[in-house]
Amino acid sequence: MNTSRSLFIILALILTPFARAEDLDVNLAGPGWTFALDPADRGESNLWHQPAPDWNGAKPHPRSGWDEIIVPHDYLTDPRYACTGVAWYRRSFAVPADAADSRTWRLHFDTVFQRCRVWLNGRFVGAHEGGYTPFEFSVADFLLPGRGNFLVVATDNRVKFRALPGARSGTTANAGQYPWLNYGGILGGVRLLGHAPVWIAGQKIETALAGDTWRISIRADVHNDTGQPRSGRLTATL
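Procedures and definitions
Residues numbered from 1 in each chain as written. Predicted model: local features only at pLDDT ≥ 70, side-chain atom pairs only at ≥ 80, totals over all residues. Heavy atoms only, no water. Helix = DSSP H or I, 4+ residues; strand = E, 2+ residues; numbered from the N terminus. Rg over C-alpha atoms; globule rule 2.2 N^0.38 Å. Buried < 20%, exposed > 50% of the residue type's maximum accessible area, 1.4 Å probe, protein only. Areas by Shrake-Rupley, 256 points an atom, 1.4 Å probe, with all protein chains shown as cover. Salt bridge = Lys/Arg side-chain N within 4 Å of Asp/Glu carboxyl O. Core = buried A, V, L, I, M, F, W, Y, C linked by side-chain atoms within 4.5 Å. Pairing = 2+ DSSP bridges. Axes fitted to C-alpha atoms, helices over the stretch in contact; angles between N-to-C directions. Phe/Tyr/Trp six-rings, centres within 6.5 Å; stacked < 30°, edge-to-face > 60°. Lys NZ or Arg CZ within 6 Å of the ring centre and 35° of its normal.

Visitor: How should I be thinking about the overall build of the chain in this particular structure?
Guide: When helices and strands are counted, the chain shows 0 helices and 16 strands. For the chain, the C-alpha radius of gyration of 22 Å lies well beyond 18 Å, the compact-globule estimate for 238 residues. Along the three orthogonal principal directions, the C-alpha set of the chain runs to about 65 × 55 × 30 Å. The buried share of the chain, taken over its 238 residues, is 41%. Of the roughly 13,700 Å² that the chain leaves accessible, carbon and sulfur atoms contribute 52%.

Okay, here's the thing in C-alpha cells:
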C-alpha cells in the first residue's frame, strides 16, 4: 500500500445540549446470579419469572434452592449440568433513586445462546434469538428506583431445524446431528446503561480518495426517547 494514500481516523461525535444527565454503567455480570434447569419447560407456568411475594427489594432476592453461578456461564460445558434444554438465570440488583429521571435506560447483553426471554420485576421485557450478536432492550418503564430490581432470563439451546444455527437436514444416520456444540446460557457480559434520552445509537464512517483529496462521509443514527421534538447539534471532531 502507498503510505501516502493511507488514512487513519480518530473521530469523536458529540451530541449537545442533551448530554446533561450523568451516564451510568451498571455491570450485572459476575457473581450474584442463581440458576436452575427446566427440562420440562415449566418455569414460566411455575412463575419463576416473578419475584417472591414477600420480597420488598431491601435485600438481595432469596436463592430459594437455586444454584449460585457466575455470569458469563455455559450450562452445556458446566460439569454440574452438561445438558441441552431450557434453563433459567435470576438475580437482583439496585438502581439509584433517581432512575426515574430523564435518563434512557438500556439492558444490554453481549451474547445469550441460543434463544432467550427476559423479565424485569415480573414484567416481560422481550425475547431474542441468535447466540452470536449483542442485543438490548429499553427498560426505563420497568425499573423500580431506589430499591432492588429482579432480573430473570430464560434461555433455550435446543436444536431446531428452522433456526440459525440449526441441525442439518437429511434422512441418513446422524444427518440431523448439530454440527457444533450447542452452548447454552448467558455467554457474555450484561450491563444496565443509563444516559441522556437523546443519544447517538450508531454511526457509519466512509472514506474515499479523489486525486489527492480525501472525502469523509459520516452518518449518525440519533434516537429521541423523550416523545417530544428536540433540537440539538451534532459535532464531529477529526
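There's more to say after this.
Visitor: Hey, could you run me through the pattern of salt bridges in this one?
Guide: One side chain can pair with another of opposite charge once the charged atoms of both are near each other. In total, this model carries 12 salt bridges according to the counting rule given. With its nearest N and O atoms 2.8 Å apart, the salt bridge here joins arginine 117 to glutamate 44. Of the two residues, arginine 117 sits in strand E8 (residues 115–120) while glutamate 44 sits in the loop between strand E3 (30–37) and strand E4 (67–71), which places them 73 residues apart along the sequence. According to the relative accessible area criterion, arginine 117 is partly exposed, its value standing at 24%.

Visitor: What exactly am I supposed to notice about the nonpolar core here?
Guide: Proteins that are soluble and globular tend to have nonpolar side chains buried together. With 32 residues, the main nonpolar core has Trp33, Tyr89, Phe109, Val118 and Val139 as its most contacted residues. Counting residues in each nonpolar core, the second largest holds 10 residues, with Trp66, Trp88, Trp119 and Val152 among its members.

Visitor: What's the story with the sheet that holds strand E6 (residues 104–109) in this structure? I'm lost.
Guide: Picture the strands of a sheet paired through backbone hydrogen bonds; they go either parallel or antiparallel. The antiparallel open sheet is built from 4 strands, whose spatial order is E2-E13-E6-E10. The sheet is open, and its two edges are formed by strand E2 (24–27) and strand E10 (135–138), each paired on a single side. Taken pair by pair, the neighbouring strands of this sheet meet at an average axis angle of 20°, ignoring direction. Relative to strand E13 (residues 190–195), E6 is paired through 6 bridges, and the arrangement is antiparallel.

Visitor: Where do I start with the pairing of E6 in this structure?
Guide: The side chains of a regular strand alternate between the sheet's two faces. When you tally the buried positions in E6, you get 6 out of 6 residues, the bulk of the element. Neither face of E6 is left uncovered, since the one carrying Thr104, Arg106 and His108 and the one carrying Trp105, Leu107 and Phe109 both have all their residues buried. In this structure, E6 lies alongside E10, joined through 4 bridges in antiparallel fashion. Paired with arginine 106 across the strands is serine 138, a residue of E10.

Visitor: Even after reading the chapter, I still don't get the packing of aromatic side chains, so can you show me in this structure?
Guide: Remark: the centre distance and the inter-plane angle together describe each pair of aromatic rings, the angle taken between the planes. Overall, the coordinates contain 12 aromatic pairs when judged by the stated rule. Taking 6.1 Å as the distance between ring centres and 55° as the angle between the ring planes, the aromatic pair formed by tryptophan 55 and phenylalanine 150 counts as tilted. Here tryptophan 55 is found in the loop between E3 and E4, whereas its partner phenylalanine 150 is found in strand E11 (residues 148–156), with 95 residues between them in sequence. Residue class for phenylalanine 150 comes out buried when judged on its relative accessible area of 1%. Their ring planes at 75° and their centres at 5.7 Å tell us that phenylalanine 135 and phenylalanine 137 sit as a pair that is edge-to-face. Among the aromatic residues, ring-to-ring pairing joins Trp33, Phe35, Tyr75, Tyr81 and Tyr89 into one connected group. The ring of tryptophan 66 is capped by arginine 90, whose NZ or CZ atom sits 3.8 Å from the centre of that ring. Note that arginine 147 overlies the ring of tryptophan 55, its terminal NZ or CZ placed 5.3 Å from the centroid.

Visitor: Would you explain the sheet that holds strand E5 (residues 86–94) in this entry?
Guide: Strand order in the open sheet formed by 6 strands is E4-E3-E5-E11-E8-E9, with antiparallel pairing between adjacent strands. The open sheet terminates on both sides in strands that have one partner only, identified here as E4 and strand E9 (123–129). Pairwise comparison of adjacent strand axes, ignoring direction, gives a mean angle of 30° for this sheet. In this sheet, E11 lies alongside E5 in antiparallel orientation, the contact comprising 9 bridges. Residue valine 86 lies in a different strand from E11, and its bridge partner there is aspartate 156.

Visitor: What exactly am I supposed to notice about the environment of glycine 30 here?
Guide: Structurally, glycine 30 is set in strand E3. For glycine 30, a relative accessible area of 14% corresponds to the buried category.

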